[in-house]
Amino acid sequence: MAVRQYHKNFSWQFLGLFIASQVAVGCMVYAWQDYAHTYLNMTHPFLMVVIPFILLEIICGSLLLAFIVRPVSKVEAALSYAYRSSAENEGILKDLPSLIRAIRHLDAIKNPESKVTSEHAFASSVLEHLPLGVVIFNQKREIIYANSAAPTRANGKELNIAFSDNDSLEGWLNSVAEKDISASRWWKRLRQAVSPDEEKRQFFDAFAIYHQEGTDSIETILITVDRTEQYGVDEDDLDFTALAAHELRGPITVIKGYLDVLSHELDDKLTEDQKAFFERLDVSADRLTTYINNILNVSHYDRRHLNLHLKEEKLKNIYASIADDLELRARTHHRLLNVSIPDTLPTVAADRGSISEVIVNLVDNAIKYSNEGGLVVVNANAEGDFVKVSVKDNGIGIPGSLIGHIFDKFYRSHRSRENTVGTGLGLYIAKAIIESHDGTISVRSDEGHGSIFSFTLPIYATVADKLVKSDNSNASLIKPKKYIKNHSMYRG
Amino acid sequence: MPKEPTTILCIEDDRFIGEMYVRALKQANYEVDWVLSGNDGLAAAKSKSYDFILLDIMLPEKQGTEVISELRGGGQDLIPNTKVLVLTNFDQEDKAREALQEKVEAYLIKADITPRKLLEVIKEL
C-alpha cells in the first residue's frame with residue numbers, strides 16, 4: 001500500500017532528524033562541560049554532564065514530538081484510514097477530523113504567501129511526498145494549495161477532474177453549505193478532464209471534506225486516489241463492448257430490414273400463419289436489439305456516463321413511440337396488453353429514449369413471466385410531484401426471499417433461467433435510468449399471482465427551474481430546425 | 001409523391017444494408033445514388049445537390065465524421081439545402097456523438113430503423 005511506503009520513507013527521515021538532534025545535544029553538553037570547568041570551576045559530574053544532558057534531551061524530545069511526530073502521525077493515520085476505506089469500497093466515510101486538525105496544525109498552507117519557516121517547509125515536504133492528491137479550497141472555492149499528486153491544471157488553480165453535471169463537487173458544496181457545518185463524501189471512478197493523450201487518461205476516486213468554520217481560510221479538502229490501473233481496464237472492456245455491439249447490430253439491421261421489406265412486399269401473398277411467423281422473427285430481432293442496448297447502457301452507467309437529456313415530455317407520446325413494438329410482442333406471445341395513459345397527465349422531465357427502454361424492459365418482463373393468454377396492464381397517474389407508471393401482470397410472481405435482489409446486476413429470477421431468455425440487465429438498467437431521473441422504481445409481487453412494477457418521474461413543472469439552471473449542455477441539443485435525435489422513437 | 005423527384009445520396013459500405021435501403025427508397029419513388037466509401041461520398045456530395053444524405057460512420061477511406069466535417073466544418077456549410085441523416089450502429093462516446101449531432105438533422109441507430117421507418121423519418125424531415 002502506498003501509505004505504508006510513505007510511512008517507511010518518513011521513518012527514515014525521522015531517524016535522520018533524531019540522530020542529528022542527538023549529535024546536537026552531545027555537542028552542547030560538551031561545550032557546557034568545557035565552559036563550566038573553565039569559567040565556573042565546576043567539577044561535579046552531575047552538574048557538568050548528567051543534568052544538562054537530561055534537560056537538553058527533554059527539550060529536544062518535546063520539540064520533535066510537538067512539531068513533527070504528532071501532527072505527521074495524525075495525517076498518516078487519517079490518510080491510512082481514508083485509503084483503506086476507499087480500497088475496500090466501504091462507502092462514504094463520515095468524518096476525518098484528525099486530518100483537518102493535523103493539516104491545520106501543520107499550518108503551512110493557510111497563508112501561502114507568508115514567510116516560509118522551517119515548519120512550513122517540512123509540512124509542504126510531507127504533503128508533497130504523499131502518494132495521494134491533496135487539494136485545499138478556501139471559502140471562495142478557490143484552490144489555495146494542491147500537492148504534486150493532485151489532478152490540477154492552469155498552474156494548480158483548477159481541478160482537472162471531470163465530475164458529471166448532476167453530481168459535481170460544486171453542486172455538492174452548494175447543497176451542504178446550505179444546511180451542514182461539516183460534511184464529507186466519496187466519488188468513485190472520476191475521469192481526468194483534460195489529458196494530452198487519450199490513452200493515458202487518469203481515473204480517480206475522490207474524497208471531499210467540507211468544514212464551515214468562521215474566518216478560517218480552509219473550507220474544503222479534496223483527497224484523490226489514482227485508480228487508473230484499476231479503471232483503465234474497464235475502459236478497454238468498454239471499447240470491446242462498443243465494438244461487439246457494433247458487430248452484433250450489423251446482422252440485426254439486416255435481419256430486421258429484410259423482414260420489413262419482405263413482409264411488406266409479400267403482404268398479399270402470405271397466409272395468416274406465415275404473417276405470424278414474420279412477426280415472431282421481427283419480435284425476436286427487436287428483443288436482441290433491446291439486450292444489446294441494455295448491455296451498452298449498463299457499461300455506460302457503470303462508468304457514471306449515463307448521460308441523460310431531460311426534457312419536457314408527455315408520457316403518452318413516449319409510449320406512442322414504442323406502442324406498436326410492444327403490441328406486436330404481446331400479440332406474438334398471446335398476451336393481452338391493456339394500456340391506460342391519460343392524455344391529461346402533467347408533462348414529465350424525461351429522456352424519451354431511456355424511458356422508452358425502461359417501459360420496454362418492464363412490459364417485456366411482464367410478457368415473459370406471465371402465462372399464455374395473460375393480461376398485462378400499463379397504467380399511469382399523477383401522485384404529488386410525480387407521475388407514476390405501473391406495469392402489472394398476472395404471472396408467476398416473485399418469491400419474497402428473492403424480491404430484494406430483483407434489481408441487482410445479472411440477477412435472473414428463480415424460474416427465468418429455465419424458461420426464458422435474457423441477460424439479467426433489464427431491471428438493473430431500468431433502476432439506473434429511473435434514479436437518474438430523480439424518480440424511484442419498486443416492485444410488489446405475490447408468488448403465483450403476478451407482479452406490479454412501478455416507477456415515478458418528476459412532473460416537469462416541479463423541476464423546470466433546476467433543469468434550466470443546472471444543465472446548459474442540453475441547450476446544444478435543442479435546435480431551431482426540425483431535429484430527430486432519438487432512435488428509440490422509431491424502433492420497429 | 002413529390003413532383004420533382006427527391007434525391008438521396010446513400011453512403012453505406014455494407015452491401016446488404018445499402019441494397020436494402022436503396023430498394024425501399026426507390027420503391028417509394030426517390031432518386032437514389034449509392035456509394036460505398038467516405039471519399040466517394042464526399043465527392044458525390046460536392047458534385048451534386050441532394051435533398052438528403054444517408055451517412056454511415058464506420059466507412060472505408062474516410063469516416064462519416066470526417067465527411068461531415070469537410071462538408072459542414074470550419075463555420076461553412078457546403079450543403080445548405082441538404083438534410084443529413086447519420087445512420088450508424090456504432091456506440092460513440094457521448095461527446096463525439098453530441099458534436100456530430102450538432103452538424104446533422106438526425107442521428108439514428110440502424111438496428112432500430114427498418115426501411116419503412118426510414119421512409120417515415122425522411123417524410124417527417
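Residues numbered from 1 in each chain as written. Chains lettered and ligands numbered in written order. Predicted model: local features only at pLDDT ≥ 70, side-chain atom pairs only at ≥ 80, totals over all residues. Heavy atoms only, no water.

Caption draft 1: Layout of the confidence of the model for chain A. All names here are of chain A. Across chain A, pLDDT averages 76, with 71% of residues at or above 70. Considering each helix and strand of chain A separately, the mean pLDDT is smallest for helix H10 (residues 416-419), with a value of 44, and largest for strand E13 (residues 386-393), with 96. Predicted confidence is poor over residues 414-421, with pLDDT under 50, and the contacts of this stretch with residues over four places away or in other chains come to 15 contacts. Overall, residues 471-492 carries pLDDT values under 50, and its contacts beyond four positions in sequence, including any with other chains, amount to 70 contacts. (pLDDT = per-residue confidence, 0-100. Helix = DSSP H or I, 4+ residues; strand = E, 2+ residues; numbered from the N terminus. Contact = heavy atoms within 4.5 Å.)

Caption draft 2: Spatial organisation of the pairing of strand E7 (residues 203-211) of chain A. All names here are of chain A. Extensive coverage of E7 is indicated by the burial of eight of its nine residues. Strand direction decides the pairing type here: E7 and strand E8 (residues 220-226), joined by seven bridges, are antiparallel. Bridge assignment links Ile 209 to a residue of E8, and that residue is Ile 221. (Buried < 20%, exposed > 50% of the residue type's maximum accessible area, 1.4 Å probe, protein only. Pairing = 2+ DSSP bridges.)

Caption draft 3: Local environment of unusual backbone geometry. Residue and element names in this part refer to chain A. Positive phi outside glycine occurs at Arg 141, with the angle close to 65 degrees. Take Arg 141: it is sitting in the loop between strand E1 (133-137) and strand E2 (143-146). With a phi close to 55 degrees, His 334 is a non-glycine residue in the positive phi region. Along the chain, His 334 falls in the loop between helix H8 (315-332) and strand E10 (336-340). Given the relative accessible area of 42%, His 334 is considered partly exposed.

Caption draft 4: Broad picture of the nonpolar core. With 43 residues, the main nonpolar core has Leu 315, Ile 355 and Phe 455 of chain A as its most contacted residues. Elements with a contribution of two residues or more to this core: H8, strand E11 (348-350), helix H9 (352-368), strand E12 (375-383), E13, helix H11 (426-436), strand E14 (441-446) and strand E15 (450-458) of chain A. It is H9 of chain A that contributes the most residues to this core, eight residues altogether. With near-sequence residues (within four places) excluded, Leu 315 of chain A lies in contact with Ile 341, Leu 345, Ala 380, Val 387, Val 389 and Leu 457 of chain A. Core analysis: the second largest hydrophobic core is formed by 23 residues, Val 254 of chain A together with Leu 54, Leu 85 and Leu 118 of chain B among them. (Core = buried A, V, L, I, M, F, W, Y, C linked by side-chain atoms within 4.5 Å.)

Caption draft 5: Just the sheet that holds E15 of chain A, in detail. All names here are of chain A. Judged by pairing direction, the sheet is mixed, and its five strands sit side by side in the order E10-E12-E13-E15-E14 without closing on themselves. Edge strands, defined here as strands with exactly one partner in the open sheet, are E10 and E14. Sheet twist, expressed as the mean angle between neighbouring strand axes with direction ignored, is 15 degrees. Relative to E12, E10 runs parallel, the two being bridged by five bridges. Paired with Ser 340 across the two strands is Asn 379, which belongs to E12. (Axes fitted to C-alpha atoms, helices over the stretch in contact; angles between N-to-C directions.)

Caption draft 6: Inspection of the packing of helix H2 (residues 38-47) of chain B against helix H3 (residues 64-72) of chain B at higher detail. Residues and elements named next belong to chain B. Packing of H2 against H3 leaves a shortest axis separation of 9 Å and a crossing angle of 25 degrees. By the angle between their directions, the pair H2 and H3 is classed as roughly parallel. Our pair here, H2 against H3, has a crossing hand that is right-handed. Contacts between H2 and H3 pair Gly 38, Leu 42, Ala 45 and Lys 46 from the former with Val 67, Glu 70 and Leu 71 from the latter. Partitioning the contact of H2 with H3 into residue classes produces four nonpolar, one polar and two charged. (Parallel < 35°, antiparallel > 145°, perpendicular 65-115°, else oblique. Left-handed = near helix turned anticlockwise from the far one by under 90°. Nonpolar A, V, L, I, M, F, W, Y, C, P; charged D, E, K, R; others polar.)

Caption draft 7: Representation of a nonpolar patch on the surface in the model. Residues Phe 46, Leu 47, Val 49, Val 50, Ile 51, Phe 53, Ile 54, Leu 55 and Ile 58 of chain A make up a contiguous nonpolar surface patch of roughly 770 Å² in combined accessible area. When you line up the elements, Val 50 of chain A lands in helix H2 (residues 45-87). (Patch = residues over 30% accessible without salt bridge, like charges linked within 9 Å, V, L, I, M, F, W, Y side chains within 5 Å. Areas by Shrake-Rupley, 256 points an atom, 1.4 Å probe, with all protein chains shown as cover. Salt bridge = Lys/Arg side-chain N within 4 Å of Asp/Glu carboxyl O.)

Caption draft 8: Structural view of the sheet that holds E7 of chain A. Residue and element names in this part refer to chain A. What the six strands build is an open sheet, ordered E2-E1-E8-E7-E6-E5; its pairing is antiparallel. The open sheet has two edge strands with one neighbour each: E2 and strand E5 (161-162). Alignment of E5 against strand E6 (residues 182-192), held across two bridges, turns out to be antiparallel. Residue pairing in the sheet places Ala 162 in a bridge with Arg 191 of E6.

Caption draft 9: Up close: the packing of H8 of chain A against H9 of chain A. All names here are of chain A. The geometry of H8 relative to H9 is characterised by a closest axis approach of 10 Å and an angle of 25 degrees between their N-to-C directions. Accordingly, the angle class assigned to the pair H8 and H9 is roughly parallel. Taken as a pair, H8 and H9 cross one another with a handedness that is right-handed. Taking contact as the criterion, the partners of Asn 317, Ile 318, Tyr 319, Ser 321, Ile 322, Leu 326, Arg 329 and Ala 330 in H8 are, on H9, Arg 352, Ile 355, Ser 356, Ile 359, Val 360, Val 363, Asp 364 and Ile 367. Broken down by class, the residue content of the contact of H8 with H9 amounts to ten nonpolar, three polar and three charged.

Caption draft 10: Focus on the pattern of salt bridges. Residue and element names in this part refer to chain A. Tallying each qualifying case throughout the model produces 27 salt bridges over all chains. Among the salt bridges present, the one from Glu 272 reaches Lys 275, with a minimum N-O distance of 3.9 Å. Of this pair, Glu 272 and Lys 275 both sit in helix H7 (residues 272-302), three residues apart, which is roughly one turn of the helix. A residue is classified by how much of its surface remains accessible, and Lys 275, at 26% relative accessible area, is partly exposed. Measuring nitrogen to oxygen at the nearest pair gives 3.2 Å for the salt bridge that ties Arg 329 to Asp 364. Separated by 35 residues along the polypeptide, Arg 329 in helix H8 and Asp 364 in helix H9 bring together distant segments of the chain. Judged by relative accessible area, which is 4%, Asp 364 ranks as buried. Shared partners join several salt bridges into a network, and the residues in it are Arg 141, Glu 170 and Glu 219.

Caption draft 11: Local environment of the packing of aromatic side chains. Residues and elements named next belong to chain A. One pass over the structure, following the stated rule, counts five aromatic pairs over all chains. A centroid spacing of 5.3 Å and a plane angle of 80 degrees characterise the contact between Phe 163 and Trp 187, whose relative ring orientation is edge-to-face. Here Phe 163 is found in the loop between E5 and helix H5 (169-179), whereas its partner Trp 187 is found in strand E6, with 24 residues between them in sequence. With respect to class, Phe 163 is no different from Trp 187; both count as buried. (Phe/Tyr/Trp six-rings, centres within 6.5 Å; stacked < 30°, edge-to-face > 60°.)

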